[in-house]
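Tertiary structure, described
Take a look at the letters that make up each chain.
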Amino acid sequence: MGTIPGLFSRLADLDQVVAIKDSTGDWLAMLDTVETVSDRVRVFGSFLHRRGLAALLELGGDGNIDGGGVGAPYAVPFYRAVAARDAGTAREWVDKYKALSGRLVNPDYSGVYASPIPQLKAVMKLLGQPGGEVREPLLPITDPATLDALRDIVAASGIVAASARAVGAGRAA
């Protein structure tokens, strides 16, 4: 949709549209969307990294579109810190997320151990989260060595503790 000139702006002018999800792999194009429409609608994009933090604090933006249940334990306190304009705390949560995601996702957004969706679903299962099944033509991760590697990443990432904090903070909010 972002390749059609002016489309996001026209959508943002519609009364029924309250948010735009820009899931392009072209991060600079997503920033253009934020600059163009964030004064009229909420914009969800890929912000859960240090450059994303800078964009959120300077340009706007409202939420993340990647990471599923795996990213949420880091994203919730990150966005709370952004809302409070506490860049230091936001950076801490971004760095924790990067320590996990950097071991699962290559710089070109391909998965380290498998395609990103099977990898995400495997990690969600390891965390006891309902992630559903991988749909064809993708295949689920079943190799014991790969599952052990993912289990080690989960254990080293601190995601279990981050999940517990996020759930506890949600109850307190």
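It should be noted that the structure appears before, not after, this text.
Residues numbered from 1 in each chain as written. Predicted model: local features only at pLDDT ≥ 70, side-chain atom pairs only at ≥ 80, totals over all residues. Heavy atoms only, no water.

Now for the overall build of the protein chain. Within the protein chain, the secondary structure is distributed over 8 helices and 3 strands. Beginning at the N terminus, the succession of helices and strands in the protein chain can be written as α-β-α-β-α-β-α-α-α-α-α. By the compact-globule yardstick of 16 Å for 173 residues, the protein chain fits well, its C-alpha radius of gyration being 17 Å. Relative to its 173 residues, the protein chain shows a buried fraction of 38%. Residue pairs in contact within the protein chain that sit at least 24 positions apart in sequence constitute 47% of those at least 6 positions apart. Of the roughly 9900 Å² of accessible surface on the protein chain, a fraction of 56% belongs to carbon and sulfur atoms. Of the side-chain charges in the protein chain, 18 are positive and 19 negative, and the distance between the mean point of each set is 6 Å. (Helix = DSSP H or I, 4+ residues; strand = E, 2+ residues; numbered from the N terminus. Rg over C-alpha atoms; globule rule 2.2 N^0.38 Å. Buried < 20%, exposed > 50% of the residue type's maximum accessible area, 1.4 Å probe, protein only. Contact = heavy atoms within 4.5 Å. Areas by Shrake-Rupley, 256 points an atom, 1.4 Å probe, with all protein chains shown as cover. Lys, Arg positive; Asp, Glu negative; His and termini not counted. Charge placed at Lys NZ, Arg CZ, Asp CG, Glu CD.)

Turning our eyes to something else, we now look at the packing of helix α6 (residues 116–126) against helix α7 (residues 144–157). Geometry of a packed helix pair, given as the angle between the helix axes and the separation of the axes. Two elements in contact, α6 and α7, have axes separated by 10 Å at closest approach and are oriented at 65 degrees. In terms of crossing hand, the pair formed by α6 and α7 is right-handed. On α7, the residues that touch Q119, A122, V123 and L126 of α6 are L147, L150, R151 and V154. Considered class by class, the residues forming the contact of α6 with α7 number 6 nonpolar, 1 polar and 1 charged. (Axes fitted to C-alpha atoms, helices over the stretch in contact; angles between N-to-C directions. Left-handed = near helix turned anticlockwise from the far one by under 90°. Nonpolar A, V, L, I, M, F, W, Y, C, P; charged D, E, K, R; others polar.)

Right, let's get into the sheet that holds strand β1 (residues 19–21). The 3 strands lie next to each other as β1-β2-β3, forming an open sheet whose pairing is parallel. Edge positions in the sheet fall to β1 and β3 (63–64), since each has one partner strand and no second. Relative to strand β2 (residues 42–45), β1 is paired through 3 bridges, and the arrangement is parallel. Along β2, the bridge assignment pairs K21 with F44. (Pairing = 2+ DSSP bridges.)

The next subject is the nonpolar core. V37, F47, Y74, F78 and L100 are the most contacted members of the largest nonpolar core, which totals 38 residues. For this core, the secondary structure elements donating two or more residues are α1 (7–12), α2 (27–37), α3 (50–58), α4 (68–83), α5 (87–101), α6, α7 and α8 (159–172). Tallying contributions element by element places α4 first for this core, with 7 residues. (Core = buried A, V, L, I, M, F, W, Y, C linked by side-chain atoms within 4.5 Å.)

Okay, the pattern of salt bridges next. Tallied over the full model, the rule gives 6 salt bridges. When salt bridges with common partners are traced through the structure, they connect D13, D39 and R40 into a single cluster. (Salt bridge = Lys/Arg side-chain N within 4 Å of Asp/Glu carboxyl O.)

Bringing the packing of aromatic side chains into the picture now. Enumeration according to the criterion identifies 3 aromatic pairs in this entry. With a centroid separation of 5.8 Å and 55 degrees between ring planes, the pair formed by Y74 and Y97 is classed as tilted. Residue Y74 is found in helix α4, and its partner Y97 is found in helix α5; the two are separated by 23 residues along the sequence. On the basis of relative accessibility, which here comes to 8%, the residue Y97 falls in the buried class. A centroid spacing of 4.9 Å and a plane angle of 80 degrees characterise the contact between F78 and Y79, whose relative ring orientation is edge-to-face. For the residue pair F78 and Y79, the accessibility class agrees, reading buried in each case. Above the face of the W27 ring, R51 is positioned so that its terminal group lies 5.3 Å from the ring centre. The lysine or arginine in question, K96, covers the ring of W93, its NZ or CZ lying 4.3 Å from the ring centre. (Phe/Tyr/Trp six-rings, centres within 6.5 Å; stacked < 30°, edge-to-face > 60°. Lys NZ or Arg CZ within 6 Å of the ring centre and 35° of its normal.)

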